[in-house]
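Observations on the model geometry
As a plain string of letters, each chain reads:
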Amino acid sequence: MTSKISFFKLMQEDLRRKLWLLVLAILVFFISFPVVLLILLDSRKAYLSLTEEMWNRQMKASFAEIIGYENMWMCVITVVGATLCGIFAFSYLYKKNRVDFYHSIPVRREKLFLVSYLNGLLIYIVPYFVTILISMIIGGSYFTLDASLWSVAFREFGLQVLFYLLLYHAAILASVFAGNMFGCLFLNGIIQFYMVFLYGIFIAYCDYFRTYTMQYQNFGESIAKFSPISAFFNTMSRLLGGDAIYQLQLRDGEVSIKLYFVQCFLVAVLLLGLAMYFYKIRSSEMAGKAIAFRKIQPVIRILLVVPSAMVGGWIFTSLTNVAEVGWTLFGILFAAVLVHGVIEVLYQSDIRGIFSHKIQLVGSILAAVFLVFAFQRDIFGYDRYVPKLEKMESAAISIDGISDGEYYLLEDNRGGYRTIRADAYQMEKMELSGELLPVVRELMSLGTEFHSYQTMGERISFDLKVRLKGGREMIRSYMMPLDQAYPLLEKIFQSQEYKEKSYAYFWEEYRNAQVEIEGLAKIEKLSKENGAEFLEIYQKELMELTLEDVRNNPIVGRIECLVLKEGEKYRSFDVQLYPVMTESMNYLEKIGILEKVVCWTQPKAEDIAALRIFGNGTEMGIVGEEEDVSVYRQVKVTDQEQIQKVCDRLYFHMGRKNWLFWDRGECEIQVVLKPEVSRKYFGEEEVVLEVMYRDLDLEEIGELMQKGERID
């Protein structure tokens, strides 16, 4: 009985010391929930035009926004509250006379720890819980509270408390390790952001690798595993609404939401256990020092000096833009000495300690130099690594210039849709296997042989993801000569797996799709019956399409499909129409679509009023007495004989140009249609269309420009 009274008396005394925190918490929660709700709900009373059902629905939606996960202000409260409570719960450790007083009380240290710990926990939980109940009462006075709103409120409460514990325990651990307030803030910053700092350095130095790409990596998810605050905000950003509330939008292979939360809770328990252990063994004499444990001082210093030196090397190399190692070494040395000195001054509270522990400083500098040059010289063979065939499970590829400019619309659990790039979809879903894995490996081996892009001539780039047995993945970006890579890429392009993942929606239900054909002139919608018949023909030709067909044919039209589901929910996709797809083109011509939308492959000389050419005079081989012959010039060619001469090498191209196979060259060419043609097909007096050209060398273009009329 005595111990219980003693314990609660200790809690009362400790709470008096933290009374300002309790008052602050009550004010913040009361204003953030009951007050804001009253203002919001009263303001919605003015919506007199709404029916009672619509008004109730809107009230509930507004209520859920305040008490649910969409209220990001609550995240700020949790972060700030956990940090303040964690720091001030044990702030008495920073003054020797107060430490002596607390530790002279005839109770075990574990009990003292629990007193401060529980008060810091109750200061957050009790006001939060009470104001939630008050908010529910307020909501119930405006509309009927159903089970879903109670579920939203208390799931949000549980989620915030979970991450409060994670952040609170991290702050307590920093408080126990520190000997003064500055050291506490310093250590708390390290716990929260060190891995973010480290990961940022890693990303920066990975730019030295030719094959590195972070295009398909999520920075937030990568650091969420190592930073409490990042884990919190990454979780909140991935929560979904509707019936699937508090499920994470996980990709294939990621952990379930329940396991994810269990992991966060276990980490919180581990941090609490460490804090309690170090509190028990903490020496009272270290009060007032920056770090209360001498043995961890060199560990913290080295862990900060080495990456800071790497940052210094990277900054000076980037600023000077010089490949010599001198500036890199200077940056490493400067940053290492500076950070080492600052930390020593912090430790010793004496400027004379700036050059203490010289051996550790030299060791940190050498470690930083090694790591910097390991990245710069690729000592560990990142660019050269090609996994053995027997270790490869599957692969995905995204070829630059083919479908990588498109976006898919995917349904999400909120009842709307989200966009995903076609190349990201390919890398996430494609699984090349079997006979294609040796082809992928050969491409990777080929990619490791080229170190200079200037000597490649015509080249191609593509991204690869290789899934290895055991669950590990590697992502690489390669650029290599087109003539060497082309035969291998053609084999991949011909595979059904590549086609299915590159044009994914054709292997889903599309018969009820709303199909639109876009040409040079306009967009025409097909009837449901015609759309289904056309897509069936198109899918067949798409599977027969070769990389050579794509290479030798311009895009003459675009096909957009809208798949309606349950009224408002839908999926959308668009694909290209090539002139080599004769059955598809014939079908569109049969139903009268081609002439309406204008899917021309090449311009006809008799339809052209003029050519406009934009280019650099010197690059075109133009010579003359003009002083500005080398500047960018624009000319108009109206001579029909000259137009006829080049017309068969000009091509229309819809949408994004295929830079991979169609060289735009050193100039731009536009076709100005004759007025009668413009009026007939476009309904306008003058239409100017940009064209691409092939087998038209710069010398011929220069001759055209010399004979044309200057318009710039």
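Residues numbered from 1 in each chain as written. Predicted model: local features only at pLDDT ≥ 70, side-chain atom pairs only at ≥ 80, totals over all residues. Heavy atoms only, no water.

**Some words on the overall build of the protein**
To be explicit about the condition: For helices the rule is a DSSP run of H or I covering at least 4 residues; for strands it is a run of E covering at least 2, with both sets numbered from the N terminus onward. The cut-offs for exposure are 20% and 50% of the maximum accessible area for each residue type, with area from a 1.4 Å probe on protein chains only; residues under the lower value are buried, those over the upper are exposed, and the others partly exposed. By the convention used here, residues are in contact when the closest approach between their heavy atoms is within 4.5 Å. The Shrake-Rupley method, run with a 1.4 Å probe sphere, supplies the accessible areas, and residue values consider only the shown protein chains as cover.
Helices and strands together make up the secondary structure of the protein, namely 25 helices and 15 strands. Per-residue burial over the protein gives 50% buried out of 712 residues. Summarising the internal contacts of the protein: among those between residues at least 6 apart in sequence, 75% fall at separations of at least 24. Taken as a whole, the protein presents about 34,800 Å² of accessible surface, with 58% of it coming from carbon and sulfur.

**Here we look at the pairing of strand β4 (residues 459–468)**
Applied cut-off: At least two DSSP bridges between two strands are needed for those strands to be called paired.
In terms of burial, β4 is a largely internal element, 9 of the 10 residues being buried. Inspection of the sheet shows strand β1 (residues 392–399) paired to β4 by 7 bridges, in the antiparallel sense. Its bridge partner lying in β4, S398 is registered against D463. With 9 bridges connecting them, β4 and strand β5 (residues 473–481) associate as antiparallel partners.

**Looking at the side chain of E524**
How we decide: N or O atoms within 3.5 Å of each other form a polar contact, as long as, within protein, one can give a hydrogen and the other can take it, and as long as residues adjacent in sequence are counted only when both atoms are side-chain atoms.
Its location among the elements puts E524 in strand β7 (residues 523–525). Judged by relative accessible area, which is 18%, E524 ranks as buried. A polar contact of 3.3 Å, which involves the side chain of E524, links it to the side chain of K522. Those residues within four positions of E524 in sequence are excluded, and the remaining contacts are V515, E516, I517, I593, K596 and V597.

**Some points on the confidence of the model for the protein**
Put simply, the test is: pLDDT expresses, on a scale from 0 to 100, how confident the predictor is about each individual residue.
For the protein, per-residue confidence averages 81 on the pLDDT scale, and 83% of positions sit at 70 or higher. Here residues 240–255 scores under 50 on pLDDT; set against residues more than four positions off or in separate chains, the count is 44 contacts.

**Points about helix α21 (residues 582–590)**
Selection criterion: The directions considered for the arc are those from the helix axis to the C-beta atoms.
When α21 is considered as a whole, its buried residues turn out to be S584, M585, Y587 and L588. Each buried residue of α21 lies within a common arc of 160° when the element is viewed along its axis, so the set occupies one face. Facing away from the buried side of α21 by over 90 degrees, the exposed positions are E589 and K590. Where α21 ends, the next residue or the one after it, G592, has phi of about 80°, a positive value.

**Some remarks on the packing of aromatic side chains**
Convention followed: Here a pair means two rings of Phe, Tyr or Trp (six-membered ring of Trp) with centres within 6.5 Å. Their orientation is stacked below 30 degrees between planes, edge-to-face above 60, and tilted elsewhere.
Considering all chains together, one arrives at 44 aromatic pairs under this definition. On the numbers, 6.3 Å between centres and 10° between planes, the contact of F113 with Y117 is stacked. Taken together, the positions of F113 and Y117, both in helix α6 (residues 109–140) and 4 residues apart, correspond to about one turn of that helix. In this structure, F113 and Y117 share a single accessibility class: buried.

**Thoughts on the environment of L15**
Counting through the fold element by element, L15 comes out in helix α1 (residues 2–17). As a C-alpha pair, L15 and L122 span 107 residues in sequence and 9.9 Å in three-dimensional space. For L15, the contacting residues outside a window of four places in its chain are L22, N119 and I123.

**Notes on the pattern of salt bridges**
We count it as follows: The salt bridge criterion pairs a side-chain nitrogen of Lys or Arg with a carboxyl oxygen of Asp or Glu, the two atoms within 4 Å.
This structure, assessed with the given rule, holds 13 salt bridges. A salt bridge links E544 to K540; the shortest N-O distance between them is 3.5 Å. You can see E544 and its partner K540 sitting in helix α19 (residues 528–544), 4 residues apart, about one turn around the helix. When its relative accessible area of 41% is taken as the criterion, K540 is described as partly exposed. Ionic pairing is found between K540 and E583, a salt bridge with its closest N-O pair at 3.2 Å. Here the residue K540 occupies a position in helix α19, and E583 occupies one in helix α21, the gap between them amounting to 43 residues. Here E583 falls in the partly exposed class, since its relative accessible area comes to 39%. Here the salt bridges do not stand alone but share partners, grouping R108, E110 and K280 into one network.

**Regarding the sheet that holds β4**
The strands that make up a sheet pair up through hydrogen bonds in the backbone, lying either parallel or antiparallel. In plain terms, the rule: Only the contacting stretch of a helix is used when fitting its axis, a line to C-alpha atoms as for every element, and angles between N-to-C directions run 0 to 180 degrees.
The 3 strands are arranged β1-β4-β5 in an open sheet whose pairing can be described as antiparallel. The outermost strands of the open sheet, each flanked by one partner alone, are β1 and β5. Strand-to-strand twist of the sheet, defined as the mean angle between neighbouring strand axes without regard to direction, takes the value 25°. Relative to β5, helix α17 (residues 482–494) is tilted by about 130°, and along the sheet it contacts β1, β4 and β5.

**Focus on the packing of helix α12 (residues 297–320) against helix α13 (residues 325–348)**
Keep this limit in mind: Each helix crossing is assigned a hand: it is left-handed if the near helix lies turned anticlockwise from the far helix by less than a right angle, otherwise right-handed if that turn is clockwise. We call Asp, Glu, Lys and Arg charged. Ala, Val, Leu, Ile, Met, Phe, Trp, Tyr, Cys and Pro are nonpolar, and the rest, Gly among them, are polar.
Viewed as axis vectors pointing N to C, α12 and α13 meet at an angle of 145°, and their least axial separation amounts to 7 Å. Every pair of crossing elements has a handedness; the one defined by α12 and α13 is right-handed. Partitioned by chemical class, the residues of the contact of α12 with α13 number 14 nonpolar, 9 polar and 2 charged.

**Structural notes on the nonpolar core**
Let me state the cut-off plainly: Take the buried residues of types Ala, Val, Leu, Ile, Met, Phe, Trp, Tyr and Cys, join any two whose side-chain atoms come within 4.5 Å, and each joined set is a nonpolar core.
In terms of nonpolar packing, the biggest core is built from 108 residues, with F163 and Y168 touching the most fellow members. No other element matches helix α7 (residues 147–177), which puts 19 residues into this core. Ignoring anything within four residues of it in the chain, the contact list for Y168 reads A82, C85, G86, A89, S116, Y117, G120 and L121.

**Overview of helix α24 (residues 675–682)**
Within α24 the residues assigned to the buried category are V677, S678 and F682. For α24, the arc enclosing every buried residue in end-on projection is 100°, short of the 170-degree limit, so these residues lie on one face. For α24, the elements touching its buried residues are β13 (667–673) and β14 (688–693). The positive-phi residue at the C-terminal boundary of α24 is G683, with phi of around 70°.

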